[in-house]
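# Tertiary structure, described
Next come the chains, spelled out residue by residue.
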Amino acid sequence: MHELSICQSLIDMIADEARRQAFNRVEVVRIEVGRFAGVEPGALAFGFEVASRGTVCDGARLEIVDLPGLAYCFACEESVELSDRLAPCPKCGGGRLQPTGGDELRVKDLEVV
Amino acid sequence: MCVTCGCGGGETTIDTGEPKRRHAHDHGHPHGHDHSHGHSHGHDHSHGQDHGHDHAHDHAGDHAGRTVALERDILSANARLAADNRRLLAKTSSIALNLMSSPGSGKTTLLVETLKRLGAVPAVVIEGDQQTSNDAERIRATGRKAIQINTGKGCHLDAHMVGHALEHLPLEPNGLVFIENVGNLVCPAAFDLGEARRVVILSVTEGEDKPLKYPDMFAVADLVVLTKTDLAPYVDFDGEAARAHVARINPSVPVIEVSVRREDGLKPWLDWLTTQRRAALEARRRQIEAELAALDAGVPA
Ligand SMILES: Nc1nc2c(ncn2[C@@H]2O[C@H](COP(=O)(O)OP(=O)(O)O)[C@@H](O)[C@H]2O)c(=O)[nH]1
Ligand SMILES: [Mg+2]
Ligand SMILES: [Zn+2]
Ligand SMILES: [Zn+2]
């Protein structure tokens, strides 16, 4: 359940930012998660709820923006989008794919008061 | 919670193997040594006074919400500490290897046999487990230095724990630093420790389909070691299929097959270690050449 430590890092970062930018409460946390980031959105949502209790993020809504997986297809010789690590190339159906992107795990922005 | 570096991990303990040095990771710790891995994270921002007035003090609508753009990696604090570890290791051209696998795949056994064969090559070990110092003791029995990190309920090591472990280890020129991660084929993949290479270990008894079931782990591997190959016939392990599954996830990663029991395949593994040490020295040479060029050009490096 590394999603819990990921949420802990997220909330620590936001708590720092709350001191720096003087806000008291966060209503929305928007994060971007790539298909290859190795995290379960469900587990993230749960981890966020647990880790946010009693913090500036208590009660905040976690919005997860899903980013596609990217890979280079050796057969097509171009970059393609994949829905998961085991998906075949959407163009040629082949499996010789080198992942090139989609491991994002970023906080985009916050709605705060 | 740690006031020095913000770590909340009351559960993590570090056992250096020296009497009475077993201390909770509570950071009241008066480490006499240099706490060098950049524990200033977070704190450079927290002195409220000089910042407090750039926010919306416009009283137009005190309670109106606003958007705060962050655009930052969630694990950026870990990434900073990993970079600190990497810098520290680079000073001695050391090579840190992050060994990841399920529990029981043979990591400690492989390390013990490796250390016995390394001769004069400097090597130290950081052991990660939820509980016990058993593995560190197995390593120490070979005469090498080992630090045990117990993560409590933590399912993976992180750069912060490794940074603290490194404080207790002698880093010798061009030495190997083996980091045995907590046994888990999922969680450790997400956390950079500052290693040079990630080694994923899969024992034949786990079955050849594991690369497909745990693709995120195999995707980050710089080397895959198939262990316990002496048992392959007993468990109908299909080595060809295993290699194909690894290649499906990570087309360029090399795969080495080892049986410690039969002392089989250790040579390619030891050669691979030498190649990594060589790469560290070459990086150092390039750096020195750049410094020489700058010096000759009369520009401060
Ligand atoms: N047959 C066989 N057993 C092995 C081999 N390597 C390790 N083992 C056994 O596998 C078990 C787990 O090994 P260990 O090194 O503790 O695994 P770790 O949890 O990954 O560190 C031990 O009982 C070892 O003796 C091998 O090459 N062949
Ligand atoms: Mg072990
Ligand atoms: Zn294709
Ligand atoms: Zn600390």
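In what follows, the accompanying structure is described. All figures in this text were calculated on a predicted structure; none of them were measured in a lab.

Within chain A, the regular secondary structure consists of two helices and six strands. Along its sequence from the N terminus, chain A presents helices and strands in the succession α-β-α-β-β-β-β-β. In terms of overall size, chain A is more extended than a compact globule, its C-alpha atoms giving a radius of gyration of 17 Å where 113 residues would be expected to give roughly 13 Å. Taking the principal axes of the C-alpha coordinates as reference, chain A spans close to 55 × 25 × 15 Å. Buried positions account for 45% of the 113 residues belonging to chain A. Total accessible area on chain A stands at roughly 5300 Å², and carbon and sulfur atoms take up 49% of it. The distance from the centre of the 12 positive side-chain charges to the centre of the 19 negative ones in chain A is 2 Å.

Another point: the sheet that holds strand 4 (residues 78-82) of chain A. All names here are of chain A. On the basis of which strands lie adjacent, the open sheet formed by three strands has the order 4-3-5 and antiparallel pairing. The open sheet terminates on both sides in strands that have one partner only, identified here as strand 4 and strand 5 (97-101). Mean inter-strand twist for the sheet, computed between neighbouring axes without regard to direction, equals 40°. Sheet topology note: the strand 3 (residues 69-73)/strand 5 ladder contains four bridges and is antiparallel. Pairing of Y72 across the sheet is with Q98, part of strand 5.

Another point: the environment of V80 of chain A. Residues and elements named next belong to chain A. You can see V80 is positioned in strand 4. Remark: the alpha-carbon pair of V80 and I14, spanning 66 residues in sequence, is separated by 34 Å. Excluding its chain neighbours within four sequence positions, the residues that come into contact with V80 are G69, L70, A71, C73, C89, P90, K91 and L97.

In this section: the nonpolar core. Judged by nonpolar contacts, the single largest core of 30 residues is most densely connected at I14, V26, V29 and L110 of chain A. If you list the elements that add at least two residues to this core, you get helix 1 (2-21), strand 1 (26-34), helix 2 (41-52) and strand 6 (105-112) of chain A together with strand 3 (66-73) of chain B. With seven residues, helix 1 of chain A is the single largest residue contributor to this core. Residues in contact with L110 of chain A, not counting those within four places in the same chain, are I14, F23, V26, V28 and V29 of chain A together with R66, T67, V68 and L70 of chain B.

The next point concerns the packing of aromatic side chains. All names here are of chain A. The full count for this structure, using the stated rule, is two aromatic pairs over all chains. Taking the centre distance of 5.6 Å and the plane angle of 85° together, the rings of Y72 and F74 count as edge-to-face. Y72 sits in the partly exposed class, given a relative accessible area of 32%. F74 sits in the partly exposed class, given a relative accessible area of 32%.

Residue and element names in this part refer to chain B. Surrounding ligand 1, one finds 15 residues, the nearest of these being G104, K107, T108, T109 and D230. Backbone polar atom of G104 to an oxygen atom of ligand 1: 2.8 Å apart, as the coordinates give it. D230 is positioned such that a nitrogen or oxygen atom in its side chain is 2.8 Å from a nitrogen atom of ligand 1. In isolation ligand 1 exposes 580 Å². Once the protein is present, 76% of that is buried. Per-element accounting of the shell around ligand 1 gives the leading share, three residues, to helix 2 (residues 107-117). In terms of residue class, the shell around ligand 1 is built from three nonpolar, six polar and six charged.

The rules behind these values
- Residues numbered from 1 in each chain as written.
- Chains lettered and ligands numbered in written order.
- Predicted model: local features only at pLDDT ≥ 70, side-chain atom pairs only at ≥ 80, totals over all residues.
- Heavy atoms only, no water.
- Helix = DSSP H or I, 4+ residues; strand = E, 2+ residues; numbered from the N terminus.
- Rg over C-alpha atoms; globule rule 2.2 N^0.38 Å.
- Buried < 20%, exposed > 50% of the residue type's maximum accessible area, 1.4 Å probe, protein only.
- Areas by Shrake-Rupley, 256 points an atom, 1.4 Å probe, with all protein chains shown as cover.
- Lys, Arg positive; Asp, Glu negative; His and termini not counted.
- Charge placed at Lys NZ, Arg CZ, Asp CG, Glu CD.
- Pairing = 2+ DSSP bridges.
- Axes fitted to C-alpha atoms, helices over the stretch in contact; angles between N-to-C directions.
- Contact = heavy atoms within 4.5 Å.
- Core = buried A, V, L, I, M, F, W, Y, C linked by side-chain atoms within 4.5 Å.
- Phe/Tyr/Trp six-rings, centres within 6.5 Å; stacked < 30°, edge-to-face > 60°.
- Near = heavy atom within 4 Å.
- Polar contact = N/O pair within 3.5 Å; in protein donor to acceptor, adjacent residues only side chain to side chain.
- Nonpolar A, V, L, I, M, F, W, Y, C, P; charged D, E, K, R; others polar.

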